[in-house]
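Coordinate inspection notes
Listed below, chain by chain, are the residues.
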Amino acid sequence: MDFKRIEIIFILTFLALNAFLLSTYFDKSYNDFSSNSSNSEVNFIEEMSKSAIELPTFQDEKNKVPYVQAEANDLLAESYSLTNQTGIIEEKGSIFSTILFSPILLTAEKEFNAKDIEKLTSYVKNNQALSAKDYQFFRYIKNSQQVIFTQIANNIPIADGTSEVIFHLDNSKNVISYEQSYAGPVTVQGESRELITDKSAIGILYQNNEIPADTTVKKPVLSYYKTLDLEELSMYAPAWFIEIESSTDTQVKRVDAINGTVLKVPTLEQPQSVTKNRLKSSNESDSSSPNPTRDSSFQKE
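Source: prediction; values computed, not measured.

1. Some points on the overall build of the protein chain
Scanning the protein chain from terminus to terminus reveals four helices and 14 strands. Within the protein chain, buried positions represent 41% of all 301 residues. Of the contacts made within the protein chain by residues no fewer than 6 positions apart, 64% connect residues no fewer than 24 positions apart. Put simply, the protein chain shows about 17,100 Å² of open surface, and 51% of that area lies on carbon and sulfur atoms.

2. Regarding the environment of Ile-104
Take Ile-104: it is sitting in strand β3 (residues 95–105). Residue Ile-104 is classed as buried on the basis of its relative accessible area of 9%. Between the alpha carbons of Ile-104 and Leu-169 there is a distance of 9.1 Å; along the sequence they are 65 residues apart. With near-sequence residues (within four places) excluded, Ile-104 lies in contact with Leu-120, Tyr-123, Phe-167, Asn-174 and Val-175.

3. Here we look at the side chain of Gln-180
Relative to the elements of secondary structure, Gln-180 occurs in strand β8 (residues 174–181). Within the structure, Gln-180 has its side chain in polar contact with the backbone oxygen of Leu-130 (distance 2.7 Å). At 3.2 Å, the side chain of Gln-180 forms a polar contact with the side chain of Tyr-135. Residues within four places of Gln-180 in sequence aside, it is in contact with Leu-76, Ser-94, Ile-95, Phe-96, Ala-129, Leu-130, Tyr-135, Glu-164 and Val-165.

4. A look at the pairing of strand β7 (residues 164–169)
Burial analysis of β7 places six of its six residues in the buried class, which makes it a mostly covered element. On β7, burial covers both faces: Glu-164, Ile-166 and His-168 on one face and Val-165, Phe-167 and Leu-169 on the other are all buried. Across five bridges, the pairing between strand β5 (residues 146–153) and β7 is antiparallel. By the bridge assignment for β7, Gln-146 is matched with His-168. Across five bridges, β7 lies against β8 in antiparallel orientation. Across the sheet, Phe-167 pairs through a bridge with Tyr-178, a residue of β8. Counting the residues in the hairpin turn of β7 and β8 gives four residues, including Lys-173, whose phi is positive at 65°.

5. Some points on the environment of Tyr-225
Looking at the secondary structure, you find Tyr-225 in strand β11 (residues 221–229). Of the residues examined, Tyr-225 reaches a relative accessible area of 10% and is grouped as buried. Spatially, the C-alpha atoms of Tyr-225 and Ala-237 are 5.6 Å apart, while their sequence positions differ by twelve residues. Here the side chain of Tyr-225 touches Asp-256 through a polar contact of 2.6 Å, side chain to side chain.

6. Some thoughts on the pattern of salt bridges
Following the criterion strictly, the structure yields nine salt bridges and no others. Here Lys-62 makes a salt bridge to Glu-194, at a shortest N to O gap of 3.6 Å. With a gap of 132 residues between them, Lys-62 in the loop between α1 (3–50) and β1 (64–71) and Glu-194 in strand β9 (residues 186–194) connect regions that are remote in the sequence. A salt bridge links Glu-111 to Lys-142; the nearest nitrogen and oxygen atoms lie 3.5 Å apart. Separated by 31 residues along the polypeptide, Glu-111 in the loop between β3 and α2 (114–128) and Lys-142 in the loop between β4 (135–141) and β5 bring together distant segments of the chain. A relative accessible area of 51% places Lys-142 in the exposed class. Three or more residues are tied together by salt bridges with common partners; here these are Glu-210, Lys-253 and Lys-264.

7. Brief notes about the nonpolar core
Met-48, Ile-202, Ile-211, Leu-222, Tyr-224, Tyr-236 and Ile-242 are the most contacted members of the largest nonpolar core, which totals 27 residues. When contributions to this core are tallied by element, the ones reaching two or more residues are α1, β1, α3 (198–207), β11 and β12 (233–245). Among the elements that make up this core, the one with the highest residue count is α3 (five residues). In terms of nonpolar packing, the next biggest core, distinct from the first, is built from 23 residues, Phe-96, Tyr-123, Ala-129 and Phe-167 among them.

8. Some points on the confidence of the model for the protein chain
Should the pLDDT be low somewhere, the predicted coordinates at that spot are not to be read in detail. Scored by pLDDT, the protein chain comes out at a mean of 79, with 72% of its residues at no less than 70. Across the protein chain, the element-wise mean pLDDT spans from 45 in helix α4 (residues 273–288) up to 98 in strand β6 (residues 156–157). The low-confidence segment residues 267–276 (pLDDT under 50) makes 32 contacts with residues lying over four places distant or belonging to another chain.

Conventions and cut-offs
Residues numbered from 1 in each chain as written. Predicted model: local features only at pLDDT ≥ 70, side-chain atom pairs only at ≥ 80, totals over all residues. Heavy atoms only, no water. Helix = DSSP H or I, 4+ residues; strand = E, 2+ residues; numbered from the N terminus. Buried < 20%, exposed > 50% of the residue type's maximum accessible area, 1.4 Å probe, protein only. Contact = heavy atoms within 4.5 Å. Areas by Shrake-Rupley, 256 points an atom, 1.4 Å probe, with all protein chains shown as cover. Polar contact = N/O pair within 3.5 Å; in protein donor to acceptor, adjacent residues only side chain to side chain. Pairing = 2+ DSSP bridges. Salt bridge = Lys/Arg side-chain N within 4 Å of Asp/Glu carboxyl O. Core = buried A, V, L, I, M, F, W, Y, C linked by side-chain atoms within 4.5 Å. pLDDT = per-residue confidence, 0-100.

Next comes the structure, spelled out in structure tokens:
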């Protein structure tokens, strides 16, 4: 009898059995994890429904997105090349604030609409803003009468306030000024990373008490936010940008799309100091005169 051969067969059979048992164990563990994760999502959706929180339709596919790097630049210093406007460089050269000599007249409809977006897009694309090809419409903020265009990086908007064109509207829905920030030329860094889903991001917000009752959660938008700011470059990571509407206002929440951290990122979506006073005086004039005179003494310093 060939005991050596029997021994080898026995060892191979034992190894195969162990491999099968390990495979079964890991499959069960994964299925249990998936089941628990799914049940957890179902639970928070049910809880939010009971709290009168209206949810959007979630996407099914998972995203893979890389980090991006923006190179330092002096683009805003070239604002002297723009026509029919004059302004100043603020915040250590990172923001260009300007008053338009002639306001941009939007449609006569009371509400901001698709035709208004087209008109502002045309304005931007006709090189009335610096590096115009890099910006696209992102959102309209009704309470503050602001229209936001963001820089697009890797087909994803930079939506943390560091690379935007912010148009300011007066009481007659005319654009009278804007501010621009610019991250710089962008390149992809490293391999794409698998992201948490938009549904998971909303679940994280809810579990962290970031979504009040009686609100509407708008569809999350995949965006970039700055994670590293050096003298020569900046790094941006993916984040879910989520608007939460209540009867009184709209809050913006962000969740890191890689590690699920709730972000507390300040934005620049407010009038800057120089522009703010101009907006105030312009709106006061606008309420008393059908054709207010624009002050063109807003000079570059």
